[in-house]
Amino acid sequence: MLIAEVDGKRCKATKNAKGICPYCKSEVIAKCGEQKIAHWAHKSCKICDNWHDKETEWHLMWKNYFPESWQEIIKYDVTTGEKHIADVCTEKGFVLEFQHSAINPEERQSRENFYKNMNWVVDGTRLKNDFKRFVKIIDDISIARVIFPIKIPNQNNRQVGNIIEVNYPEEILPKNWLNSTVPVVFDFKGLASIDVPSDIRHFIFCLLPIKNAYKRYLIQISRLDFIGNAKTGSWEFFINREMSILEKIIKR
């Protein structure tokens, strides 16, 4: 975790510091080595939020793309009293959940039902074969094709990506995410340093929850444009607009 309470205030980890977990109120200690991002760890092995496994460097990297005030926000259901820690929650209540480990369908659906207004960001580097299968969309037009470009009107109509139609998605995309009811962003770059500008791993690929027989649809957009739109609060509007356009095309 990146945030703990120190003297009643939300704080990042600093060397030799101690704090309190905002969720379970147990003691946490700062981990500030030279190789890893500074973070807090529970002093005991006590289970905190049961939706959160041990975090990786990938988790911490993604959280740090966003303002500290948005990180690790506790969300409550006022009716049931249920609460969970959202990895990132914007000022408008939009949640990003970063998922590295495998997740069972029941928990995935429970999180989507709880947060409602959310997107997943999934580590596509965890299983080596996932990217090997996915990269077929570049080489085989029978598997995938660009159906229209994505432009941003208020930025001189700049093209920022594409909408890609994928045939037989179960052969290309990680199967565990095909039934998600919210958009799922796949990050195939992870922590890797890739110097080739044309490498498609510089893009994220967002699986939309729109089904058309055996076809599925992806938004291809640069990582920087995704993060930038999420920071300004426009990603939710942006993705809903693209889904609306896509649904009209499918109906025709």
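Anyway, here's the lowdown on the structure attached to this text. Since we're looking at a predicted model, the values are computed, not measured. (Residues numbered from 1 in each chain as written. Predicted model: local features only at pLDDT ≥ 70, side-chain atom pairs only at ≥ 80, totals over all residues. Heavy atoms only, no water.)

Focus on unusual backbone geometry
Negative phi is the rule for most residues except glycine; trans is the rule for most peptide bonds. Even without being glycine, Glu72 reaches a positive phi, approximately 50°. One can find Glu72 in strand β6 (residues 71-76). (Helix = DSSP H or I, 4+ residues; strand = E, 2+ residues; numbered from the N terminus.)

So, the nonpolar core
Of all hydrophobic cores here, the largest spans 30 residues; its most connected members are Trp62, Phe66, Leu96, Ile219, Phe226 and Trp235. For this core, the elements supplying multiple residues, two or more each, are α1 (57-63), β8 (95-99), β10 (144-152), β11 (158-167), β13 (203-207), β14 (215-222), α5 (223-232) and α6 (235-251). When residues no more than four places from it in sequence are discounted, the contact partners of Ile219 are Ile150, Asn162, Ile163, Ile204, Phe205, Cys206, Leu208, Phe238, Ile239 and Glu242. Counting residues in each nonpolar core, the second largest holds 29 residues, with Trp120, Leu173, Leu178 and Val184 among its members. (Core = buried A, V, L, I, M, F, W, Y, C linked by side-chain atoms within 4.5 Å. Buried < 20%, exposed > 50% of the residue type's maximum accessible area, 1.4 Å probe, protein only. Contact = heavy atoms within 4.5 Å.)

Here we look at the layout of surface pockets
To find leftover empty space, one rolls a probe the size of a water molecule over the atoms. For the largest pocket, the calculated volume is near 700 Å³. Looking at the largest pocket, it is lined by 23 residues, and the ones nearest its centre are Met1, Trp40, Asp53, Lys54 and Glu55. For the lining of the largest pocket, the secondary-structure elements that each account for two or more residues are β5 (39-42), α1 and β7 (83-89). For the lining of the largest pocket, the leading source of residues is β5, giving four residues. Residue composition of the lining of the largest pocket, by class: seven nonpolar, five polar and 11 charged. Within this model, the second largest pocket holds a volume of roughly 190 Å³. For the second largest pocket, the lining is made up of 17 residues, of which Arg126, Leu127, Asp130, Pro174 and Trp177 are closest to its centre. Where the lining of the second largest pocket is concerned, the elements lending two or more residues are β9 (118-123) and α3 (128-134). When the residues that make up the lining of the second largest pocket are grouped by side-chain class, the tally is seven nonpolar, five polar and five charged. (1 Å grid on protein atoms, 1.4 Å probe; cavity = no way out; pocket = protein on both sides within 12 Å on 5 of 7 lines; lining within 4 Å. Points joined across faces, edges and corners; volume = space filled by probe spheres on them. Nonpolar A, V, L, I, M, F, W, Y, C, P; charged D, E, K, R; others polar.)

Some thoughts on the state of the cysteines
Taken as a whole and assessed by the stated rule, the structure comprises zero disulfides. Lacking any disulfide linkage, Cys32 is separated from the closest cysteine sulfur, that of Cys11, by 12 Å. What makes Cys32 partly exposed here is its relative accessible area of 31%. Free cysteine Cys48: the closest other cysteine sulfur is in Cys21, separated by 3.5 Å. (Disulfide = S-S within 2.5 Å.)

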